[in-house]
Amino acid sequence: MTHSEWNEGLFNPFDKLIEITVCGVRFSVPENNNLLRGFQYARAGALLRGNYCWNGDCVNCLVWTDDDDGGSRRLACRTEATPGMVISALSDDLRADLRLSESNR
Ligand code: FES
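Residues numbered from 1 in each chain as written. Predicted model: local features only at pLDDT ≥ 70, side-chain atom pairs only at ≥ 80, totals over all residues.

A. Seen up close, unusual backbone geometry. Backbone geometry at Cys-23 places phi at a positive 50°, although glycine is not the residue there. You can see Cys-23 is positioned in the loop between β1 (17-22) and β2 (25-30). By C-beta crowding, Cys-23 is classed as buried, having 21 other C-beta atoms within 10 Å. Phi angles above zero are rare outside glycine, and Arg-99 is one such case at about 60°. (Helix = DSSP H or I, 4+ residues; strand = E, 2+ residues; numbered from the N terminus. Buried ≥ 20, exposed ≤ 12 C-beta atoms within 10 Å, placed from the backbone.)

Written as structure tokens, this is what we have:
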């Protein structure tokens, strides 16, 4: 089974995993998918509280990325994961769901 066959329909097709860093913790997430899907892949069952609209309305999926221009606030459901991406902070909902402690803020 290829990666893209796993849970087909939930994730966009992908052939490989890419590495991102979330508050100092390495995550392997599927390429060609947004960050929120990546979190769902990396921590199966973590996003089951139903706090996420998945369409840009609720802003419960806010992340802060480290960029060359000093950092940006983004919606994880609207931002594609890219290799080497560094996320320095998460919304309270994401931090709780991903079980990252205050020290991982
Ligand atoms: S999940 Fe609601 S804005 Fe991203």
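B. Highlighting the environment of Ile-87. Here Ile-87 lies in strand β5 (residues 86-90). C-alpha separation for the pair Ile-87 and Asp-67, spaced 20 residues apart in sequence, amounts to 9.2 Å. Those residues in contact with Ile-87, other than ones at most four positions away along the chain, are Ile-20, Thr-21, Val-22, Cys-23, Val-63, Trp-64 and Thr-65. (Contact = placed C-beta atoms within 7 Å.)

C. Structural detail: helix α1 (residues 35-42). The buried count for α1 comes to seven of eight residues, which makes it a mostly enclosed element. Of all the positions in α1, only Leu-35, Leu-36, Arg-37, Gly-38, Phe-39, Gln-40 and Tyr-41 are classed as buried.

In short, geometric facts, not functional conclusions.
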